Amino acid sequence: MLEFAFREAARRGLVLRAVHGWTPPPVWGYAGGVAPQVEADQFRAVEAELLDEALVGWREKYPEVTVLQDCRIAGGAQAVVDTAADAALVVVGRRRRRHRVGLHLGPVAHAVLHHAQAPVAVVPHD
């Protein structure tokens with residue numbers, strides 16, 4: 001999925017916005033003496049670092065692509081839909097399903113297909 005997104009951004013000469021929506025763990029806010037805002041800032045830093053690590057090899061392979069990282073507290077689907085309004089193309093992944101029956105889209109790809117205001121490419125990955 002990331003290869004497709006980087007390749008399309010390079011081919012079209014566009015900026016790539018990598019969106020990562022995350023939700024706090026269920027026990028968030030129960031740490032005792034730590035203020036929730038401090039915890040939120042710590043979680044934001046960790047999530048932003050994870051996104052950066054996921055992109056590092058692709059940035060090296062496609063140095064001509066400018067990447068904007070967008071890491072926010074929101075479900076994955078909501079984060080992508082919220083940022084898709086001005087996109088030329090939205091790229092979402094879906095895991096390859098080995099069985100033939102059942103839904104072949106996950107909740108993020110399904111929601112983005114139904115709610116994004118831009119063209120959507122769903123790219124299977126392992």
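Residues numbered from 1 in each chain as written. Predicted model: local features only at pLDDT ≥ 70, side-chain atom pairs only at ≥ 80, totals over all residues. Heavy atoms only, no water.

**Remarks on the overall build of the chain**
Moving on, step 1. If you tally the helices and strands in the chain, you get four helices and four strands.
Moving on, step 2. Starting at the N terminus, the α and β elements of the chain follow one another as α-β-α-β-α-β-α-β.
Moving on, step 3. When the 126 residues of the chain are sorted by exposure, 27% land in the buried category.
Moving on, step 4. Pairs at least 24 residues apart make up 70% of the contacts formed inside the chain by residues separated by at least 6 positions.
Moving on, step 5. For the chain, the exposed surface amounts to about 8,100 Å²; the carbon and sulfur share of it is 55%. (Helix = DSSP H or I, 4+ residues; strand = E, 2+ residues; numbered from the N terminus. Buried < 20%, exposed > 50% of the residue type's maximum accessible area, 1.4 Å probe, protein only. Contact = heavy atoms within 4.5 Å. Areas by Shrake-Rupley, 256 points an atom, 1.4 Å probe, with all protein chains shown as cover.)

**Section: the pattern of salt bridges**
Moving on, step 1. Per the counting criterion, the structure on display carries eight salt bridges.
Moving on, step 2. A salt bridge links arginine 12 to glutamate 8; the shortest N-O distance between them is 3.0 Å. Highlighted residues: arginine 12 and glutamate 8, both in helix α1 (residues 2-12), separated by four residues, approximately one helical turn.
Moving on, step 3. Residue class for arginine 12 comes out partly exposed when judged on its relative accessible area of 39%.
Moving on, step 4. Across the pair aspartate 86 and arginine 17 runs a salt bridge whose closest N-O atoms are separated by 3.7 Å. Taken as a pair, aspartate 86 in the loop between α3 (76-83) and β3 (90-95) and arginine 17 in strand β1 (residues 16-22) lie far apart in primary sequence, 69 residues in all. (Salt bridge = Lys/Arg side-chain N within 4 Å of Asp/Glu carboxyl O.)

**Some words on the packing of aromatic side chains**
Moving on, step 1. On inspection of all chains with the given rule, the structure shows three aromatic pairs.
Moving on, step 2. Judged by centre distance (6.3 Å) and plane angle (25°), the ring pair of phenylalanine 6 and tryptophan 58 falls under stacked. Taken together, the residues phenylalanine 6 in helix α1 and tryptophan 58 in helix α2 (residues 36-61) connect sequence positions 52 residues apart.
Moving on, step 3. The exposure class of phenylalanine 6 is buried, given its relative accessible area of 0%.
Moving on, step 4. In this structure tryptophan 58 comes out as partly exposed when scored by relative accessible area, which is 23%.
Moving on, step 5. Taken together, Phe6, Trp58 and Tyr62 form an aromatic cluster joined through their ring pairs. (Phe/Tyr/Trp six-rings, centres within 6.5 Å; stacked < 30°, edge-to-face > 60°.)

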